Amino acid sequence: ATPRPLSDAQVLIDTRRVLDLNALAGALEEYRTQEGAYPSTENNLMTVCASAFDPGCLLLTIDPDLSADDGYEPYWYRSDGASYVLFAQIERADPDHPCPEELPAALRTGDVYCIQSEGAE
């Protein structure tokens, strides 16, 4: 079956989501270079920085202009300190950025875009 075409607005928001997650991934790598590990969520799924206590908020020390959400939905993050996975709801999944098979319940309502560090499962 051919997927339905996306509207210009859907393409635009998906583009923003991809750019935001790439910026977060870059900040994660820089943070690891400086601190020796990624900010750990103890492998629990958490929003990147919806709450001041989210470990992902540490990335704001790298770049205070990072986006923790797309304006509608938060971005999500899971890390054990040695690897990470970033998640975003997206209008159409990208086969080049597959997500772990076991998606957290908060992300099972639609397509999801993921970026994983080397060694993440």
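Residues numbered from 1 in each chain as written. Predicted model: local features only at pLDDT ≥ 70, side-chain atom pairs only at ≥ 80, totals over all residues. Heavy atoms only, no water.

A. Representation of helix α1 (residues 8-35) within the structure. End to end, α1 covers 40 Å across 28 residues, agreeing with the expected 40 Å (1.5 Å per residue, within 8%). Of all the positions in α1, only Q10, I13, D14, R17, D20, L21, L24, A25, A27, L28 and Y31 are classed as buried. Packing partners of the buried residues in α1 comprise β2 (76-79), β3 (84-89) and β4 (112-116). Of the residues one or two after α1, G36 is the one with positive phi, at around 90°. (Helix = DSSP H or I, 4+ residues; strand = E, 2+ residues; numbered from the N terminus. Expected span 1.5 Å × (residues − 1). Buried < 20%, exposed > 50% of the residue type's maximum accessible area, 1.4 Å probe, protein only. Contact = heavy atoms within 4.5 Å.)

B. Seen up close, the sheet that holds β2. The strand order β1-β2-β3-β4 describes an open sheet built from four strands, whose pairing is antiparallel. In the strand order of this sheet, the two ends are held by β1 (46-47) and β4, each with one partner. When β1 meets β2, the two strands line up antiparallel, connected through two bridges. Within the sheet, the bridge partner assigned to T47 lies in β2 and is W76. (Pairing = 2+ DSSP bridges.)

C. The arrangement of the side chain of Q89 in detail. For Q89, the location among the structural elements is in strand β3. For Q89, the contacting residues outside a window of four places in its chain are R17, A106, L107, T109, G110, D111 and V112.

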